[in-house]
Amino acid sequence: MEGVIGLVNKIQRACTLLGDYGDDRTLPTLWDALPTIVVLGGQSSGKSSVLESIVGRDFLPRGSGIVTRRPLVLQLYKIEPGQQDYAQFLHTGNKKFLDFAMVRSEIQQETDRVTGKTKQISPLPINLSIYSPNVVNLTLVDLPGLTKVAVEGQPESIVQEIEDMVRSYVEKPNCILLAITPANQDVATSDAIKIAREVDPAGERTIGVLTKLDLMDKGTNALDVLEGRSYRLQHPWVGLVNRSQADINKNLDMVVARRKECEFFATSPEYGHLTNRMGSEYLAKLLSKHLESVIKARVPAILSLINTSIDELEAEMSYLGRPVAIDASAQLYAILELCRAFDRIFKEHLEGGRPGGDRIYGVFDYQLPAALRKLPLDHHLAMQNVRKVVSEADGYQPHLIAPEQGYRRLIDGALNYFRGPAEASVDAVHFILKELVKKSIGETQELRRYPTLQAEIASAAIEALERFRSDSKKTVLRMVEMESSYLTVDFFRKLPQDADKGGSPISSSADRYTEGHLRRIGSNISSYVGMVSDTLRNTIPKAVVYCQVREAKRCLLDHFYTQLGKKEGHRLSQLLDEDPVLMERRQKCSRRLELYKSARDEIDSTLWGK
């Protein structure tokens, strides 16, 4: 029997050490799946005396008002006879407390550390383990006493806060309720029974304890309660006799106190027939036996949860990856693999496997044509400007046949406007590529562990993109300049013929400044510039793709690889400086996985190995 309960205690202790309890996880935890006995009752109901009677030690703080201001998770471990009792707190590590007066002091100090020396409460539990040959293996949770009125120094909300804290424990289906009620109080008004009735109406999880039987008025007794007539539970009520305040003041030994308790029931005319199921020793054995039966009934569900959790934790460990290698060659290989993983995702964005590359197409299909349409060519080729440029083209020399210099200057000025859209296309694609680099780094799961390497890859990639942008910008501007440097002769050879066909020859010097002539010049230049615009609309995207997109796909990290091969071992280690959050997450996951596997093996061994 004690092997099963001892195993559960051990698992709960491991859960506590790993922080694997509470309501901060989406799935039920192993802690929640394991049955736990929760002690609840009103203030001054005798909760502390019950716990100390079960333990056989005087170790809890006492006083008036709210003494228990944080949950106390008390785990009892039965050790071999003859060994010395000792206690350990989770927050003090492996330190052993042999003096139980120091245990009381430590509970008080640890409570004050969190709540301050006030009457505030905190849901943060204190974890205490007691090892003794005089206990049975149990896990008990002592909660602040329920109260109806806030006293001086307490906020009005404390009444509800305590009830909410108690409910957070007792509403769990695997919780066993140890409901403490003083015998000198009507059970109908008991705070503990009120809560128990609400969360366990059938009384299946509740064990009722009636304390202070020796303090009842003469001529009265608690037989109606103890025999189940006043309030029936599935389990029999247990009556206790607490140490009196005088006994506590005299530091009455717990062994002597237990003996006095046994004598009270044995010699009592009212309770003598119930002696075999009264007292703190009987209560401890009852709790242990009941806990064992509950644990055995819950074993299939516990094992199912453990196996499910193991599968989830192994999947998470696979997601988080293995620890960082120590060998420099292995580190270099790991870094190259991480870079390849990033590069693969980056290419998928460009080639269509992932979103993002379509935005580059949008630059060429929408932004560039829109920018070309918005060029101020109408203003440049307005009659007034054409007249001005043509008139000034030959200086004091009149043109003989056609204003060639005027044509050239007007065309050159018009084509100069194309520099802006060309450069804007380069910059727009550069911006998209930078965003895709950042997006790809974020989507490379393997890289999430290494923030330093992420930054290095991002820096190297952006540096490469800057070089590609510079080359691309030079190329597209050169294309614009090429259009300005050499005009297409065939286009202009047709102009006199076209003019002749229209019956308006342009050879007469008499009409060289007429409105019709100037309008014809502007129209001719507009046609030529339109032809160049169509050409650039097709060639600028080709140049940008060739110089930027293609190079980004082909050799984005080539320079980084070259520099990587020159780095020393310690620098490689710095690149693989794992994110502390993920490192801690892997360590916790690993420890939790170890706990769950150990719990599964030990449950199998304990229950089925014999």
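Residues numbered from 1 in each chain as written. Predicted model: local features only at pLDDT ≥ 70, side-chain atom pairs only at ≥ 80, totals over all residues. Heavy atoms only, no water.

1. Here we look at the confidence of the model for the protein
Rules: pLDDT is defined as a per-residue confidence score from the predictor, taking values between 0 and 100. Starting at the N terminus, helices and strands are each numbered in turn, a helix being any DSSP run of H or I of at least four residues and a strand any DSSP run of E of at least two. Residues count as neighbours in contact if any of their non-hydrogen atoms are within 4.5 Å of one another.
Here the protein averages 82 in pLDDT, while 85% of its residues score no lower than 70. Averaged pLDDT values over the elements of the protein bottom out at 62 in helix α18 (residues 489-501) and peak at 95 in helix α16 (residues 419-443). Considering only residues more than four positions removed or in separate chains, one finds that residues 498-511, a stretch of pLDDT under 50, has 13 contacts.

2. Here's the deal with the pattern of salt bridges
Keep this limit in mind: Salt bridge criterion: a side-chain nitrogen from Lys or Arg within 4 Å of a carboxyl oxygen from Asp or Glu. Any residue under 20% of the maximum accessible area for its type is buried, any over 50% is exposed, and the rest in between are partly exposed; the area is computed with a 1.4 Å probe on protein chains only.
What the rule picks out here adds up to 27 salt bridges. The salt bridge partner of Arg69 is Asp112, with a shortest N-O separation of 2.8 Å. Here Asp112 lies in helix α4 (residues 100-115) and Arg69 lies in the loop between α3 (47-55) and β2 (72-78), a separation of 43 residues in the sequence. Each member of the pair Arg69 and Asp112 is classed as buried. By sharing partners, the salt bridges in this structure join Glu163, Arg167, Glu171, Lys194 and Glu198 into a single network.

3. Regarding the nonpolar core
Basically, it comes down to this: The set of buried Ala, Val, Leu, Ile, Met, Phe, Trp, Tyr and Cys residues whose side-chain atoms join them within 4.5 Å is what this entry labels a nonpolar core.
Among the nonpolar cores identified, the biggest contains 69 residues, and Phe342, Phe346, Val437, Leu453, Ile457, Leu556 and Leu557 are the most heavily contacted of them. When residues of this core are assigned to their parent elements, the largest contribution, 13 residues, is made by helix α19 (residues 515-555). Once residues within four sequence positions are removed from consideration, Leu557 is found in contact with Cys339, Phe342, Ile457, Ala460 and Ala461. Leu128, Ile130, Ile207 and Ala599 belong to the second-largest nonpolar core, a separate cluster that totals 56 residues.

4. Re unusual backbone geometry
One non-glycine residue with positive phi stands out, namely Lys212, at about 60 degrees. Within the fold, Lys212 resides in the loop between β7 (206-211) and α7 (223-226).

5. Describing the pairing of β7
Inclusion rule: Pairing between strands is defined by DSSP: at least two bridges between the two strands are required.
Of all 6 residues that make up β7, 6 are buried, and the element is covered over most of its length. Both faces of β7 are covered, namely the face carrying Thr206, Gly208 and Leu210 and the face carrying Ile207, Val209 and Thr211. Note that β7 and strand β8 (residues 238-239) share 2 bridges and pair parallel. Bridged to Val209 within β8 is Val238.

6. Structural notes on helix α12 (residues 358-373)
Rules: A helix is expected to span 1.5 Å multiplied by its residue count minus one. Note that bend, as reported per residue, equals the angle between axes fitted to the 7 residues terminating at that residue and the 7 residues originating from it.
For α12, spanning 16 residues, the distance from its first C-alpha to its last is 22 Å, which sits close to the expected 22 Å at 1.5 Å a residue. Taken as a whole, α12 carries its principal kink of about 30 degrees at Gln367; the proline Pro369 stands between one and four residues after it. Of all the positions in α12, only Ile360, Gly362, Val363, Phe364, Leu368, Pro369 and Leu372 are classed as buried. Each element contacted by the buried residues of α12 is listed here: α11 (328-351), α16 and α19.

7. Observations regarding the environment of Glu198
Rule in force here: Pairs of N or O atoms within 3.5 Å make up the polar contacts considered here, provided that, within protein, one atom can donate a hydrogen while the other can accept it, and that residues adjacent in sequence are counted only when both atoms are side-chain atoms.
Within the element layout of this structure, Glu198 appears in helix α6 (residues 191-199). Judged by relative accessible area, Glu198 falls into the partly exposed class, the value being 43%. With 31 residues separating them in the primary sequence, Glu198 and Arg167 have C-alpha atoms 9.9 Å apart. In terms of polar contacts, Glu198 uses its side chain to reach the side chain of Arg167, at 2.2 Å.

8. A word on the environment of Glu163
As for its position among the elements, Glu163 is in helix α5 (residues 158-170). Glu163 sits 16 residues away from Thr147 along the chain, and the two C-alpha atoms are 8.4 Å apart. Residues contacting Glu163, with those up to four places away along its chain left out, are Leu146 and Ile195.

9. Observations concerning the packing of aromatic side chains
The line we're drawing: Any two rings among Phe, Tyr and Trp, with Trp reduced to its six-membered ring, count as a pair given centres within 6.5 Å; such a pair is stacked if its planes are under 30 degrees apart, edge-to-face if over 60, and tilted if neither. Look at NZ for Lys and CZ for Arg. If either is within 6 Å of the ring centre and within 35 degrees of the ring normal, a charge sits over the ring.
Under the criterion given, the structure shown has 7 aromatic pairs. Both rings, one in Tyr77 and one in Tyr131, keep their centres 4.8 Å apart while their planes meet at 10 degrees; by these two values the pair is stacked. Placement of the pair is Tyr77 in strand β2 and Tyr131 in strand β4 (residues 126-132), with a sequence separation of 54 residues. What makes Tyr77 buried here is its relative accessible area of 12%. With a centroid separation of 4.6 Å and an interplanar angle of 10 degrees, the aromatic rings of Tyr86 and Tyr131 are classed as stacked. Residue Tyr86 is located in strand β3 (residues 86-89), and its partner Tyr131 is located in strand β4; the two are separated by 45 residues in the primary sequence. Each member of the pair, Tyr86 together with Tyr131, is buried. Taken together, Tyr77, Tyr86 and Tyr131 form an aromatic cluster joined through their ring pairs. Directly above the aromatic system of Tyr86 lies the positively charged group of Lys96, at a separation of 4.5 Å from the ring centroid. Positioned over the ring face of Tyr169 is Lys172, at 5.8 Å from the centre of the ring.

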